[in-house]
Amino acid sequence: MVCHLLSIPDIYFGEKAIHSLQRLDACKVGIVTDAFMVSSGKTQSLIEAMPRASVCIYADVRPDPDVEIVKAGAARFNDFKPDVIIALGGGSSLDAAKAIKVTLEEMGSDIELIAIPTTSGSGSEATAYAVISDPENGRKYPLVTANILPDSAILDPQLVLSVPREVATDTGMDVLTHAIEALVSTGANDFSDAFAEKAIALTVKYLPDVFYQEKNIKARIRMHHAACLAGMAFNSSGLGLVHGMAHAIGGMLHIPHGRINAMLLPKIIAYNCATQNPVITERYLRCAKIMGIDTDNDRHAVGKLIDHIRDLNQQFAIPETLTEYGITRENICRLRQSVISAALADACTLSNPRTPTAQDIDRLLTEIS
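Given the structure is predicted, the values throughout are model-derived calculations rather than measurements.

Caption draft 1: Structural context of unusual backbone geometry. Non-glycine residue K16 carries a positive phi angle of around 70°. Counting through the fold element by element, K16 comes out in the loop between β1 (10-13) and β2 (28-32).

Next up, the structure:
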């Protein structure tokens, strides 16, 4: 019998959840974030919530953080020796903070990690995953270790209200991808299913409201919760080929992660269901039912699920192909073998419900080109 440990952080949620930081008043706190969080005043709001804490800020995180950013962040905090690291920002800041924490702990520190997401997408606040880029090879590497699971997460909706509509929908489709891949993953279990199913239901209901009513606080709150739930789901179950290919394509062609996930999702659902494996089909039918799709006819229901996701992409102005996005076919061809190799080696691909070959990924890359 194999035993699995289901670990989740302490979660503070709701308006003014940021006030939970008051407990850190006697601590040395390192904040990992980006320049915009500083200039917009969001970093200052954290400092005001813990007025007697000693604070050191590293604000040089950029999208797709790489090893150099991690090294610089660790160097920034090396002499300060924080008791706590707060990750403030989108998935890039959260992932960078996780890697910085591990780096400092390798030098003998014992550090609490608090994640405060300002976008509703990555779910990194509730996962033992981080993605670090290798710009020299144009790749993204998922790191998976229990040491980077945050000790607590703060979901304050006031921090996501200013996120632009396009970013909110890209990250929202990342949430949907996380939840669907978690539900069909080979590592799916009763606990991950519960998180994934709720995340799908919330996303399908509230993401269109975020798009059409940009300041709808109720929709923003629900999507913030959905992102965290989806993160808890795939933290337990693993992901799949959508993410395996998205890490490769996004890293090499510099496409936002949620957007390339959304582009790949309908094509990989069709690929996974092509074998007509009843176990795989049943899992996707469960997704369809949660999304309000009639599931009386199995084959038609899966097709309707794919069409529904394509409809969402169209609503949110997410292109269907890489050339429509603006990538030349020459550039795609140049990177083809690198994408195939990276996708096959990606840890997320291992838990896909259908084991892909190099030829499969090549064909899927052609379909999305």
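Caption draft 2: Quick peek at helix α13 (residues 329-345). The end-to-end C-alpha separation of α13 is 24 Å, in line with the 24 Å expected for 17 residues at 1.5 Å each. Along its length, α13 reaches its greatest deviation from straightness, about 50°, at L335.

Caption draft 3: Examining the sheet that holds β1 more closely. One open sheet holds the six strands; their spatial order is β1-β8-β5-β4-β2-β3, and the pairing between them is parallel. This sheet does not close on itself; its edge strands, each paired only once, are β1 and β3 (54-58). Taking each pair of neighbouring strands and ignoring which way they run, the sheet shows an average axis angle of 20°. With four bridges connecting them, β1 and strand β8 (residues 152-155) associate as parallel partners. Within β8, the residue paired with D10 across the bridge is S152. Each of β2 and β3 touches helix α3 (residues 67-78); the most contacted strand, β3, lies at about 155° to it. Sheet contacts for helix α4 (residues 91-106): β2, β3, β4 (84-89) and β5 (112-117); angle to β4, the most-contacted strand, approximately 160°.

So, how was this worked out
Along each chain, the written sequence defines residue order, and numbers are assigned to residues from 1. Only residues with pLDDT of at least 70 get local features here, since the model is predicted, and only at 80 or more are side-chain atom pairs given and counted; chain-wide, interface and lining totals rely on the full set of residues. Values shown for side chains rest on all heavy atoms present in the structure; no hydrogens or waters enter the calculation. A run of H or I in DSSP counts as a helix once it spans at least four residues, and a run of E counts as a strand once it spans at least two, with each numbered from the N terminus. Helices are assigned an expected span. That span is 1.5 Å times one less than the residue count. The quantity called bend is, for any residue, the angle between two axes fitted respectively to the seven residues ending at it and the seven beginning at it. Only strands joined by at least two bridges in the DSSP assignment are considered to pair. Inter-axis angles, ranging from 0 to 180 degrees, are taken between N-to-C directions of lines fitted to C-alpha atoms, where helices are fitted over the stretch in contact. In what follows, a contact means two residues having at least one pair of non-hydrogen atoms within 4.5 Å.

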